[in-house]
Amino acid sequence: SSGINAEYGDASATALGATYTWILKDGSGMIANILFAWSQGTQLDIDAKRWRLFADVVNDLAMLIDLLSPLAPTLLFTPIMCFTTVLRSLVGVAGGCTRARIK
C-alpha cells in the first residue's frame, strides 16, 4: 500500500504516500498557476475589479471546500486538496495581478 489516502494516525501511511500527495497537490497548483497566467494574463489589467471579485469568491469557495473536506470519504481527500490548491493558485494570479488601487 502506498498510503496516499491514509488518515492521520493510520498505520498504512508511509513517507512515500506523503511524498506522492505533496507532489500531486503542489504540482497541480503550480501547473494551474502557469496555465491561468498564460491564458488570462493580458485580461487581468483590463478589468481589475472583476478579477479582484473573482479572486475573493474563489478564495471563499476554496476555504469552504477545505472546511467540508473532512466529511468526504478518505479516498476523495487528496483530489479535493488538489482542487482547492488549484483554486488558490487562481486566486494568487488573479488577486496578485490586480493589487493596484481600485477607484
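Residues numbered from 1 in each chain as written. Predicted model: local features only at pLDDT ≥ 70, side-chain atom pairs only at ≥ 80, totals over all residues. Heavy atoms only, no water.

### Let's talk about the side chain of Thr84
Stated precisely, the cut-off is as follows: A helix here means a DSSP run of H or I that spans at least four residues, while a strand means a run of E at least two residues long, and both kinds are numbered starting from the N terminus. In protein, a polar contact means a hydrogen-donor-capable atom and an acceptor-capable atom, both N or O and within 3.5 Å, with residues adjacent in sequence counting only if both atoms are side-chain atoms; elsewhere, any N or O pair within 3.5 Å suffices. We call two residues in contact when some of their heavy atoms are within 4.5 Å.
Following the sequence through the fold, Thr84 ends up in helix 3 (residues 74-96). Among the polar contacts made by the side chain of Thr84, one reaches the side chain of Asp66 at a distance of 3.1 Å. Those residues in contact with Thr84 that lie beyond four places of it in its chain are Ala62, Ile65 and Asp66.

### Re the packing of helix 1 (residues 15-40) against helix 3
To be explicit about the condition: Only C-alpha atoms enter the line fits that serve as axes; for helices the fit covers just the stretch in contact. Angles between N-to-C directions range over 0 to 180 degrees. Crossings are sorted by hand: turned counterclockwise from the far helix by less than a right angle, the near helix makes the crossing left-handed, and turned clockwise it makes it right-handed. Residue polarity is assigned by list, with Asp, Glu, Lys and Arg as charged and Ala, Val, Leu, Ile, Met, Phe, Trp, Tyr, Cys and Pro as nonpolar; anything else, Gly included, falls into the polar class.
The contact between helix 1 and helix 3 brings their axes to 8 Å, and the two run at 35 degrees. Classified by chirality, the crossing of helix 3 by helix 1 is right-handed. Of the residues in helix 3, those in contact with Thr21, Leu24, Lys25, Ser28, Gly29, Met30, Ala32, Asn33, Phe36 and Ala37 of helix 1 are Thr78, Met81, Cys82, Thr85, Val86, Ser89, Leu90, Val93 and Ala94. Its residues assigned to classes, the contact of helix 1 with helix 3 comprises eleven nonpolar, seven polar and one charged.

### Section: the nonpolar core
Proteins that are soluble and globular tend to have nonpolar side chains buried together. Stated precisely, the cut-off is as follows: Definition used in this section: a nonpolar core is a set of buried Ala, Val, Leu, Ile, Met, Phe, Trp, Tyr and Cys residues joined via side-chain atoms within 4.5 Å. Each residue's exposure class comes from its accessible area (1.4 Å probe, protein chains only) as a fraction of the maximum for that residue type: buried when under 20%, exposed when over 50%, partly exposed otherwise.
Core analysis: the biggest nonpolar cluster contains eleven residues, these being Phe36, Leu44, Trp51, Ala55, Val58, Ala62, Leu87, Leu90, Val91, Val93 and Ala94. At the level of elements, helix 2 (48-68) and helix 3 are the ones that each hand at least two residues to this core. If one sorts the elements of this core by residue count, helix 3 sits on top with five residues. If near-sequence neighbours (up to four positions away) are discounted, Ala62 is found in contact with Thr84, Leu87 and Arg88.

All quantities given are derived from atomic positions and should not be read as evidence of function.
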